[in-house]
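Here is how the chains run, residue by residue.
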Amino acid sequence: MRNSTLLRSGGSTLAAAALGNAFVKREDVAWLTQLKHPRMQISLPAFFVVGGLYYVCIGTIVHRSLVRGDQRAHRLALAVLAGNELWNLAFFGRHSTRAGFVGLLGFSIPVCLLQAALIRDRPAALIFSPYTAWVLCYDLPWTYQLWRLNP
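Residues numbered from 1 in each chain as written. Predicted model: local features only at pLDDT ≥ 70, side-chain atom pairs only at ≥ 80, totals over all residues. Heavy atoms only, no water.

Brief notes about unusual backbone geometry
The backbone of His 95 sits at a positive phi, close to 50 degrees, despite the residue not being glycine. Secondary-structure assignment places His 95 in the loop between helix H4 (71-94) and helix H5 (97-117). Judged by its relative accessible area of 34%, His 95 is partly exposed. (Helix = DSSP H or I, 4+ residues; strand = E, 2+ residues; numbered from the N terminus. Buried < 20%, exposed > 50% of the residue type's maximum accessible area, 1.4 Å probe, protein only.)

Given below as structure tokens:
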């Protein structure tokens, strides 16, 4: 049972990461680096670190929701996984700072709903709260400023 739970949680997280990042090509990253950047922007390597930590975090949340039998948290965690990959497609695929901001507004909804759903699983709530804070306190202002600087 435990092995199948690890396989399901790890498999869904790795599949989402591989699929979502497969659509981000070198020219997409080059496009991003050529934009006017807000002062608050972190370096590209730091974005990669945050991305890696996100996948570890969300994979842990998916696993804990399966182990606990928490269907609501599980569905929301999968929605966050899918939403993150769709955001990559909207932002990088369209080379659109506007789509990045609007997409992130929509993405913040399942992120906040998942954070609320984790209220009964304190460790999971603590694991996910830095990512929720990142989305609300860094990603939203960053994408908004990026859009305003590059309409």
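What follows continues from the structure just given.
Remarks on H4
For H4, spanning 24 residues, the distance from its first C-alpha to its last is 33 Å, which sits close to the expected 34 Å at 1.5 Å a residue. The N-capping residue of H4, defined by a side-chain oxygen 3.4 Å from the backbone nitrogen of Arg 72, is Asp 70. (Expected span 1.5 Å × (residues − 1). Polar contact = N/O pair within 3.5 Å; in protein donor to acceptor, adjacent residues only side chain to side chain.)

Focus on the pattern of salt bridges
This model, assessed by the stated rule, comprises three salt bridges. Here Asp 70 ties to Arg 68 by a salt bridge, and the two come within 3.7 Å at their closest N and O atoms. For Asp 70, a relative accessible area of 19% corresponds to the buried category. Arg 68 sits in the partly exposed class, given a relative accessible area of 41%. In this structure, the salt-bridge partner of Arg 68 is Asp 121, at a minimum N-O distance of 3.9 Å. Placement of Arg 68 in helix H3 (residues 44-68) and of Asp 121 in the loop between H5 and helix H6 (122-149) is noted, with a sequence separation of 53 residues between them. Taking the relative accessible area as the measure of exposure, Asp 121 reaches 4% and is therefore buried. Via salt bridges that share partners, Arg 64, Arg 68, Asp 70 and Asp 121 belong to a single interconnected network. (Salt bridge = Lys/Arg side-chain N within 4 Å of Asp/Glu carboxyl O.)

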